[in-house]
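Overview (structure and organization)
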Amino acid sequence: MTRTLILDCIKKIGEDVKISGFVHVRRDHGKILFLDVYDRTGIIQVVLGGGVGKDLRPQDVVIIEGKVNKRPESLVNKNIPTGEIEIYSEKVEVLSKASELPFDMGGPQLHLELPTLLDFRSLTLRHPKVKAIFKIQAAILEGFRKAAKDIDCSEIVVPTIAASSTEGGAQVFKVDYYGHKAFLTQSPQLYKQMLVPVYERVFTITKAYRAEPSVTTRHLSEVTQMDCEIGFVEFADLLDLLEKVAVDTIKYAQENCQKALEEFEVEPVAFGKIPRLTLREAQQIILKEFSKDNTKEKDLMPQDEVDICKWAFKNHHSDFVTITHFPTKAKPFYTHPDLKDPEYSLSYDLLFRGVEILSGSQRINDYQQLVDSIKGRGMDPKDFELYLQAFKYGMPPEGGFSLGLERVTMHMLNLSNIREASLFPRDMERVDTRLK
Ligand code: AMO
């Protein structure tokens, strides 16, 4: 008999089927044994008779042959698509036996402390609520890819080992590269810029590495960045484009994962017109509305991001707010200063539900100005030889932005820690397992 997928059993009432999957839950009712068995399409109740299956336990991999029956009206389970049927079987084959589980995986929630959730990651990822996170994440990736293509960007794949650091600062992992100095890229920044004279508009989805010196709920050491870089644009165009790509990405994920999102009991995203504020304007609002004077800070504090998002929601029914004009000195070397007031730059962050999910800027596209900016930050233009080559031979006015995949996932689902939004999170304390 060939395999029937669990969801297809709905169409096979009265027929014999063979399903393959994992035991999720086992309920022993004396003579009869009930199993919930799942495969990639869904979950189904199996009634085992004839004394078979007494040794089965959760996560055993099984083949079950039996007959699809309609359940009595009073036993219908409205919460699952197969809730009106069950399989009666007396024939179970175990393909792979699971060890006894270290904790119960059968409930609708997995009540575990984060370290345990991650220590047993290859197991906990199998829980329906955990795997739903990464279905939604896949939809975010798909949404971004679609949104970037919609604005005519070509997809590129960039290196993650580089000769120079991209974002400056000390948060860079050094690599011993055949005895030479190299770095894990902090972002795809330099490569996506080099591709602008080639394709004019590009996007990439890639890993980026940040040697974060502290452990927070919103920082990872290995991040997935979704980036666009666009030629022949001005600052105002970039603001329109970044908002369009971010909104289209999140809308796509929301529309395509409605059922999974319901499980997380999150409010639908508020897509009101996105307010745009300079950093200083945002800080004034925070002073006025929340009585916190951070007006001289060069960035928004974490609580400022929460407060200004509350303000945007209350006044504009928007879960997003765009903040522009960060101090030039606080931004990476490639950021274009605002010619009207060069102390501030043509840079922006997009905040979503209390956290920065995107940042970017208009870039310096003049070769000499870029060399001077590199030197001005105490770096050596020689370390940027290949990158600078792209500017030497003609670079249009350009700019771009980067969305952090895990941050978007975290805030779409209201997760309390970004590690829950990464399949295998890396931080100061963990690479696969805890660092000893
Ligand atoms: P930035 O450093 O702001 O900008 O990163 C862009 C986005 O990536 C995500 N992100 C992170 N998420 C989790 N943990 C981290 N350690 C982390 N670091 C970054 C955030 C952030 O908004 N090259 C520029 C972008 C550009 O100018 O185009 C850059 O990397 O969501």
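Since we're looking at a predicted model, the values are computed, not measured.

Cut-offs and rules
- Residues numbered from 1 in each chain as written.
- Predicted model: local features only at pLDDT ≥ 70, side-chain atom pairs only at ≥ 80, totals over all residues.
- Heavy atoms only, no water.
- Helix = DSSP H or I, 4+ residues; strand = E, 2+ residues; numbered from the N terminus.
- Buried < 20%, exposed > 50% of the residue type's maximum accessible area, 1.4 Å probe, protein only.
- Contact = heavy atoms within 4.5 Å.
- Areas by Shrake-Rupley, 256 points an atom, 1.4 Å probe, with all protein chains shown as cover.
- Lys, Arg positive; Asp, Glu negative; His and termini not counted.
- Charge placed at Lys NZ, Arg CZ, Asp CG, Glu CD.
- Pairing = 2+ DSSP bridges.
- Axes fitted to C-alpha atoms, helices over the stretch in contact; angles between N-to-C directions.
- Phe/Tyr/Trp six-rings, centres within 6.5 Å; stacked < 30°, edge-to-face > 60°.
- Lys NZ or Arg CZ within 6 Å of the ring centre and 35° of its normal.
- Near = heavy atom within 4 Å.
- Polar contact = N/O pair within 3.5 Å; in protein donor to acceptor, adjacent residues only side chain to side chain.
- UniProt positions renumbered as here; feature names shortened; annotations may be inferred.
- Parallel < 35°, antiparallel > 145°, perpendicular 65-115°, else oblique.
- Left-handed = near helix turned anticlockwise from the far one by under 90°.
- Domains from an automatic or database assignment.
- Buried area = accessible area lost by both parts, 1.4 Å probe.
- Salt bridge = Lys/Arg side-chain N within 4 Å of Asp/Glu carboxyl O.
- Nonpolar A, V, L, I, M, F, W, Y, C, P; charged D, E, K, R; others polar.

Counting secondary structure elements, the chain contains 12 helices and 18 strands. Projected onto its principal axes, the C-alpha positions of the chain cover 80 × 55 × 40 Å. Every one of the 436 residues in the chain was classed for burial, and the buried ones make up 52%. Expressed as a percentage of contacts within the chain between residues at least 6 apart in sequence, the contacts between residues at least 24 apart total 65%. When the accessible surface of the chain is totalled, it reaches about 21700 Å², and 52% of it is carbon and sulfur. Between the mean site of the 58 positive side-chain charges and the mean site of the 64 negative ones, the chain shows a separation of 3 Å.

To continue, consider the sheet that holds strand β5 (residues 85-96). Taken together, 5 strands build a closed barrel; the order of strands is β1-β2-β3-β5-β4 and the barrel is mixed. Between one strand axis and the next, the sheet turns by 50° as a mean value, whatever way the strands run. Sheet topology note: the strand β4 (residues 61-70)/β5 ladder contains 10 bridges and is antiparallel. Across the sheet, residue Gly66 finds its bridge partner in β5, namely Ser89.

Our focus in this paragraph is the packing of aromatic side chains. Using the criterion set out here, one finds 12 aromatic pairs in the structure. An angle of 25° between the planes, with centres 4.9 Å apart, marks the rings of Phe320 and Phe352 as stacked. Taken together, the residues Phe320 in strand β13 (residues 320-324) and Phe352 in strand β14 (residues 347-352) connect sequence positions 32 residues apart. Each ring, one from Phe333 and one from Tyr387, has its centre 6.0 Å from the other, and the planes form 90°; the classification is edge-to-face. Here the residue Phe333 occupies a position in the loop between β13 and β14, and Tyr387 occupies one in helix α11 (residues 385-392), the gap between them amounting to 54 residues. Just as Phe333 is buried, Tyr387 falls in that class too. Linked through ring pairs, Phe333, Tyr334, Phe384, Tyr387 and Phe391 together constitute an aromatic cluster. Here Lys129 stacks its cationic end above the ring of Phe264, 4.8 Å away from the centre of that ring.

A word on the site of the ligand. Residues in contact with the ligand amount to 24 residues; listed here are only the nearest, Gln189, Lys192, Glu356, Ser359 and Arg363. Within the side chain of Ser187, an N or O atom sits 3.4 Å from a nitrogen atom of the ligand. At 3.3 Å from an oxygen atom of the ligand is found a main-chain nitrogen or oxygen belonging to Gly404. In isolation the ligand offers 620 Å² of accessible surface; the protein chains occlude 93% of this area.

Okay, the UniProt feature "domain: Aminoacyl-transfer RNA synthetases class-II family profile" (unreviewed entry) in the chain next. The positions that UniProt labels "domain: Aminoacyl-transfer RNA synthetases class-II family profile" (unreviewed entry) are, in the present scheme, residues 134-425. Annotation note: span residues 134-425, helix share 37%, strand share 21%, distance between end C-alpha atoms 13 Å.

What follows covers the packing of helix α3 (residues 128-150) against helix α12 (residues 405-412). The interhelical angle for the contact between α3 and α12, taken along N-to-C directions, is 125°, at an axis separation of 10 Å. Taken together, α3 and α12 sit at an angle that is classed as oblique. Seen from above, α3 lies across α12 with right-handed handedness. Seen from α3, the contacting residues are Ile133, Gln137, Ile140 and Leu141; seen from α12, they are Leu405, Glu406, Val408, Thr409 and Met412.

Pairing analysis gives 3 bridges linking strand β3 (residues 42-48) to β5, with the strands arranged parallel. Directly across from Val47, in β5, lies its bridge partner Tyr88.

Here we come to the sheet that holds β14. Reading across the sheet, the 8 strands line up as β6-β10-β11-β16-β15-β14-β13-β12 and stay open at both edges, with mixed pairing between neighbours. Two strands lie at the open edges of the sheet, namely β6 (154-155) and β12 (276-278), each paired on one side alone.

Our next topic: the environment of Asp248. Within the secondary structure, Asp248 sits in helix α6 (residues 235-256). For Asp248, a relative accessible area of 24% puts it in the partly exposed group. Spatially, the C-alpha atom of Asp248 lies 16 Å from that of His411, the residues being 163 residues apart in sequence.

For the rest of this paragraph, the subject is the domain arrangement of the chain. Each domain of the chain was delimited in the assignment, giving domain 1 (6-96) and domain 2 (121-434). Computed from C-alpha atoms alone, the centre-to-centre distance between domain 1 and domain 2 is 46 Å. Each partner contributes residues to the interface: domain 1 has 4 residues there, and domain 2 has 4 residues. Summed over both partners, the interface of domain 1 with domain 2 buries about 320 Å², with 57% contributed by carbon and sulfur atoms. Three residues, His24, Tyr38 and Gln59, lead the burial of domain 1 against domain 2; their summed loss comes to 82% of the area buried on that side. Summed over the shared surface of domain 1 and domain 2, the result is 0 salt bridges. Across the contact surface, domain 1 and domain 2 share 1 residue pair in polar contact (both at pLDDT 80 or more). Grouping the amino acids of the side of domain 1 that touches domain 2 by side-chain chemistry returns 2 nonpolar, 2 polar and no charged.

This paragraph deals with the pairing of β13. Taking burial as the measure, the 5 residues of β13 include 5 buried ones, the bulk of the element. Residue alternation in β13 divides its side chains into two sets, Phe320, Thr322 and Thr324 and Val321 and Ile323, and both sets are buried. Pairing of β12 with β13, which is carried by 3 bridges, proceeds in the parallel orientation. Of the residues in β13, the one forming a bridge with Leu277 is Ile323. Looking at chain direction, β13 and β14 are connected through 5 bridges and run antiparallel. By the bridge assignment for β14, Val321 is matched with Leu351.

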